[in-house]
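Fold and geometry: a report
Spelled out, the chains give:
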Amino acid sequence: MKALILRQKNKWPTWSDIEAPAQEGTVEVKLLASALNHRDLWIVRGMYAGIKLPAVLGSDGCGVYKDQRVIINPNIGWGQQEAFQSRSYRILGMPSFGTFAEHICIAEDRLHPAPTHLTDEGVAALPIAGLTAYRALFVKAGLRSSDRVLINGVGGGVAMMAFLMALAAGAEVYVSSSDARKRQKSLKMGATQAFNYKKEGWGKLLYSEFGGVDIVIDSAGGDGFTELIDAAKPGARIVTYGGSSGKMNGLSPQVIFWKQLSILGTTMGSDQDFVRMLDYVALHKIQPVIDEVFDIKKGEHAFIKLSKAKQFGKIVLKH
């Protein structure tokens, strides 16, 4: 089959032929569209455990199976515990062949009817971003319509889905970004206020002028995490699903315990979370924000764009 193949670290995947390994207990799905995640970029850069090459990356996908359009659940082996994934848990796309290909062989129970209100590209943009955002907001943070929510680093796929889901729930949503264009777009989409997270003291400003937030959704960590503590109301829940900015230096435990804050970690979500996410998206007719669609044969251009971190929403590949 044809696929975007990663043959060497720090080299962009290229469209070429590869023999797909036979897998018992799977069905073949013809792929219509897929989407990039930062996981794919980290694997290309060699910043991921257990890299095996050559690899066909891609965790998000929309395809056709038995003449029905389907969305692929990228979870493999979450396990029986809803609270956390099993030790054998992995995500579709390296070491198993992923969705950046003409077709994929996958267990039939990973397939669900695609939301009917979405295009093929919209379906492909949904799985990882939607699952991660849903679990962070509803399972971990317990989002209520009366909550004020801060999405830190708006623009990425998960952050945008969390933004849309929180708005759909009726919450008051604040965002942060160092990019003025992203801040302005977020305001037009319904954000109450947008902050530049590179300006020192923006968290205290959010608290003093707007009364702080009940929920924070963050993927960065780093020294800027203290601003999120400052922006949080007493009793707030701070959910983190990434660490792109590194260690959280300078945290004051006194502020955390005196404000009765909960700092919660999450990654991906269970199979049950995935089903509930699909129901929520269908109920509210949520449309994933897509920054740009690339022909999969020119997938290296999509990777280059992702590497520049200028996207507002998902980067999608059309097959």
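In short, a report on the structure. (Residues numbered from 1 in each chain as written. Predicted model: local features only at pLDDT ≥ 70, side-chain atom pairs only at ≥ 80, totals over all residues. Heavy atoms only, no water.)

Read across the sheet, 6 strands follow the order β12-β11-β10-β13-β14-β15 without closing on themselves; strand pairing throughout is parallel. Strands at the two margins of the open sheet, each flanked by one partner only, are β12 (193–195) and β15 (262–265). Recorded for the sheet is a direction-independent mean angle of 20° between the axes of neighbouring strands. Where strand β11 (residues 172–176) meets β12, 3 bridges bridge the pair, whose relative direction is parallel. Paired with Ser176 across the strands is Phe195, a residue of β12. (Pairing = 2+ DSSP bridges. Helix = DSSP H or I, 4+ residues; strand = E, 2+ residues; numbered from the N terminus. Axes fitted to C-alpha atoms, helices over the stretch in contact; angles between N-to-C directions.)

Below, the discussion takes up the pairing of β11. Counting buried positions along β11 gives 4 out of 5 residues, so the element sits mostly inside the fold. The handedness of the strand β10 (residues 148–152) to β11 crossover, carried by helix α4 (residues 157–168), is right-handed. (Buried < 20%, exposed > 50% of the residue type's maximum accessible area, 1.4 Å probe, protein only. Right-handed = clockwise from strand over helix to strand, strands pointing away.)

Turning our attention to the pattern of salt bridges. A side chain with one charge can pair with a side chain of the opposite charge if their charged atoms come near. Counting across every chain of the model gives 14 salt bridges. Of the charged contacts in the structure, one is a salt bridge between Asp17 and Lys2, with a shortest N-O distance of 3.4 Å. Remark: Lys2 occurs in strand β1 (residues 2–5) and Asp17 occurs in strand β2 (residues 14–17); sequence separation between them is 15 residues. A salt bridge links Arg237 to Asp147; the shortest N-O distance between them is 3.1 Å. With Arg237 in strand β14 (residues 232–240) and Asp147 in the loop between α3 (127–140) and β10, this residue pair connects regions lying 90 residues apart in the sequence. The same class applies to Arg237 and to Asp147, which are both buried. Bridged by salt links that share partners, the residues Asp109, Arg110 and Asp271 form one connected network. (Salt bridge = Lys/Arg side-chain N within 4 Å of Asp/Glu carboxyl O.)

Right, let's talk about the packing of aromatic side chains for a bit. One pass over the full model with this rule turns up 9 aromatic pairs. Measuring from centroid to centroid gives 6.2 Å for Phe100 and Phe303, while their planes differ by 90°, and the two rings are edge-to-face. Of this pair, Phe100 sits in the loop between β7 (90–91) and β8 (103–106) while Phe303 sits in helix α10 (residues 299–307); the two residues are 203 residues apart in sequence, bridging distant segments of the chain. Across this residue pair, the class does not change: Phe100 and Phe303 are buried. Seen from their ring centres, Phe195 and Phe210 are 6.1 Å apart, and the 90° between their planes marks the pair as edge-to-face. Taken together, the residues Phe195 in strand β12 and Phe210 in helix α6 (residues 202–210) connect sequence positions 15 residues apart. On the basis of relative accessible area, Phe210 is assigned to the partly exposed category, the value being 22%. Members of the aromatic cluster, connected to one another through ring pairs, are Tyr174, Phe195, Trp202 and Phe210. (Phe/Tyr/Trp six-rings, centres within 6.5 Å; stacked < 30°, edge-to-face > 60°.)

When you line up the elements, Ser59 lands in the loop between α1 (38–44) and β4 (60–65). With residues up to four places along the chain from it excluded, the contact list for Ser59 reads Asn37, Arg39, Pro74, Ile91, Leu92, Thr99 and Ile128. (Contact = heavy atoms within 4.5 Å.)

In this model α3 runs 18 Å from its N-terminal to its C-terminal C-alpha over 14 residues, within 8% of the 20 Å that 1.5 Å per residue would give. Here α3 lies mainly inside the structure; 11 of its 14 residues are buried. When we look at burial in α3, the residues that qualify are Pro127, Ile128, Ala129, Gly130, Leu131, Thr132, Ala133, Tyr134, Arg135, Ala136 and Leu137. Gly142 sits one or two residues past α3 and shows a positive phi near 60°. (Expected span 1.5 Å × (residues − 1).)

Right, let's talk about the environment of Leu137 for a bit. Along the chain, Leu137 falls in helix α3. According to the relative accessible area criterion, Leu137 is buried, its value standing at 0%. Separated by 26 residues in the primary sequence, Leu137 and Phe163 have C-alpha atoms spaced 9.7 Å apart. The residues touching Leu137, leaving out its near neighbours within four places in the chain, are Gly142, Leu143, Val149, Ala162, Met165, Ala166 and Ile217.

Attention shifts here to a positive patch on the surface. Residues Arg181, Lys185, Lys188, Lys198 and Lys310 make up a contiguous surface patch of positive charge. With respect to the helices and strands, Arg181 occurs in helix α5 (residues 180–189). Accessibility expressed as a relative area gives 35% for Arg181, which makes it partly exposed. (Patch = residues over 30% accessible without salt bridge, like charges linked within 9 Å, V, L, I, M, F, W, Y side chains within 5 Å. Areas by Shrake-Rupley, 256 points an atom, 1.4 Å probe, with all protein chains shown as cover. Lys, Arg positive; Asp, Glu negative; His and termini not counted. Charge placed at Lys NZ, Arg CZ, Asp CG, Glu CD.)

For the structure on display, the rule yields 1 cavity of 30 Å³ or more. Of the volumes computed, that of the largest cavity is approximately 60 Å³. Its residues assigned to classes, the lining of the largest cavity shows 6 nonpolar, 3 polar and no charged. (1 Å grid on protein atoms, 1.4 Å probe; cavity = no way out; pocket = protein on both sides within 12 Å on 5 of 7 lines; lining within 4 Å. Points joined across faces, edges and corners; volume = space filled by probe spheres on them. Nonpolar A, V, L, I, M, F, W, Y, C, P; charged D, E, K, R; others polar.)

The quantities given are spatial measurements derived from coordinates; they are silent on function.
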